[in-house]
Number of protein chains: 2
Amino acid sequence: MNYPNNIKKDSHKINYSNRGMGLEQDLNETNNYYLQNNIAVIHKKPTPITIVKVDYKSRIDAVIKEAYFKTPSTTDYNGVYRGKYIDFEAKETKNKKFFPLVNIHNHQLKHLESVINSGGIAFLIIRFTSYNETYLVDADTFLKYIAKEKKTTVPLAFFKENGYVLKEKYNPRLDYLNIVDKIYLKGDEA
Amino acid sequence: MNYPNNIKKDSHKINYSNRGMGLEQDLNETNNYYLQNNIAVIHKKPTPITIVKVDYKSRIDAVIKEAYFKTPSTTDYNGVYRGKYIDFEAKETKNKKFFPLVNIHNHQLKHLESVINSGGIAFLIIRFTSYNETYLVDADTFLKYIAKEKKTTVPLAFFKENGYVLKEKYNPRLDYLNIVDKIYLKGDEA
């Protein structure tokens, strides 16, 4: 099941308009705000695929006719803020009590660990859509918790206790770098 | 012509084995060495595409049946080394005298500029395949040169004068972080 959640599970044309994309759309708009205002350069990585067949009807008109989704080897978001490397994964869950770990690949958890070991800033942004509550939680805290608990879910209570609430605003929509300043860059000159 | 150079321009199955991929393959092996040895976490980004049609034959077997290559909005490579954000574009040219700028999208040049402004380390790795010579050149030096010269090519002489030669070794194949240490991190404690 290595396909992104926002792609319909049938063969119809997909609506890639901006409505209803939830957390991903909020983060894209936030990152665009950061970029336009020279605050940070943070992008969502493209969906990794393996291309098997391409039709080149003309020089400018290549159509991919057969390709497969690959398991991502990294998180979805990374970039630079105040010279520091920023890396995070963002996920939504409809679950009211738990964040199911099946939503995150083992490769991605391993990647977050490698980023921490290389001195990068790593975290997760998790939204509980039933309450429209969004939490930023430090990746090291998260990884230590799941290594200790050895369960397939992380309770909402963990995020309430260890996470930072990301309030939605008009612009930037989800100002997570404000939290990054507080957690990781306290004492650094601006 | 927004398609990667390593994809054959017809409708046959593509050989994704490791042979003959040149600079990209050298960099992937180098980045893998850095990752395995806990030196740095640097990945090539997936090729950006727009997915239009997906067949879900079964729950685990999704096939993309129609997709298009998108113009990349960032460079291909980024990651973290010693806490610093690293960003670069890598290109080969068969040309013996010049690097043609048509190989790099304007979006990518603008991205390198944004990275520099956010305090990241940004450079280009350019290989002249006729001589098998590979140069690392600081992005700021490169951008200032092309802004001043206003030409569609950059002569090999520019790279000889301003770049750093990347010698091929056994492992890591193309040790560009050794050059990064010398240019950008001189004086930082290891």
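Before any of the text, the structure's been laid out above.
What counts, and where the lines are drawn
- Residues numbered from 1 in each chain as written.
- Chains lettered and ligands numbered in written order.
- Predicted model: local features only at pLDDT ≥ 70, side-chain atom pairs only at ≥ 80, totals over all residues.
- Heavy atoms only, no water.
- Core = buried A, V, L, I, M, F, W, Y, C linked by side-chain atoms within 4.5 Å.
- Buried < 20%, exposed > 50% of the residue type's maximum accessible area, 1.4 Å probe, protein only.
- Contact = heavy atoms within 4.5 Å.
- Pairing = 2+ DSSP bridges.
- Helix = DSSP H or I, 4+ residues; strand = E, 2+ residues; numbered from the N terminus.
- Axes fitted to C-alpha atoms, helices over the stretch in contact; angles between N-to-C directions.
- Salt bridge = Lys/Arg side-chain N within 4 Å of Asp/Glu carboxyl O.

Asks: Just to check I follow, could you spell out the nonpolar core for this structure?
Replies: Across soluble globular proteins, nonpolar side chains show a tendency to be buried alongside one another. Among the nonpolar cores identified, the biggest contains 46 residues, and Phe142 and Phe159 of chain A together with Phe142 and Phe159 of chain B are the most heavily contacted of them. Leave out the neighbours within four places in its chain, and Phe159 of chain A touches Phe99, Ile126, Phe128, Tyr135, Val137, Phe142 and Val154 of chain A.

Asks: Help me understand the sheet that holds strand β3 (residues 61-69) of chain A in this model?
Replies: Each strand in a sheet pairs with its neighbour through backbone hydrogen bonds, running either in the same direction (parallel) or in the opposite one (antiparallel). With antiparallel pairing, the four strands of this open sheet are ordered in space as β2(A)-β3(A)-β3(B)-β2(B). Among the strands making up the open sheet, the edge pair consists of β2 (49-58) of chain A together with β2 (49-58) of chain B. Here the average twist between neighbouring strands, direction ignored, is 20°. Looking at chain direction, β2 of chain B and strand β3 (residues 61-69) of chain B are connected through eight bridges and run antiparallel. When the bridges of β3 of chain B are listed, Tyr56 of chain B appears paired with Ala62 of chain B.

Asks: It is not clear to me how the pattern of salt bridges should be interpreted in this structure. Could you clarify?
Replies: Where charged atoms from two side chains of opposite charge come close, those side chains can pair. Residue and element names in this part refer to chain A. Under the definition given, this model contains 26 salt bridges over all chains. A salt bridge links Lys91 to Glu89; the shortest N-O distance between them is 3.6 Å. The burial state of Lys91 is the same as that of Glu89; both residues are buried. What you see here is one network of salt bridges that share partners, running through Asp26, Glu29, Glu92, Arg127, Glu168 and Arg173.

Asks: Would you mind going over the pairing of strand β8 (residues 133-138) of chain B with me for this structure?
Replies: Residues in a regular strand project their side chains so that they alternate between the two faces of the sheet. All names here are of chain B. By the criterion of burial, β8 is predominantly enclosed, with five of the six residues buried. With six bridges joining them, strand β7 (residues 121-128) and β8 adopt antiparallel strand pairing. Bridge pairing in β8 links Leu124 to Val137. Turn length for the β7-β8 hairpin, with the two strands adjacent in sequence and antiparallel, is four residues, and the turn residue Asn132 shows positive phi of about 50°. Summarising the sheet, β8 and strand β10 (residues 164-165) pair through two bridges and their orientation is antiparallel. Paired with Leu136 across the strands is Tyr164, a residue of β10.

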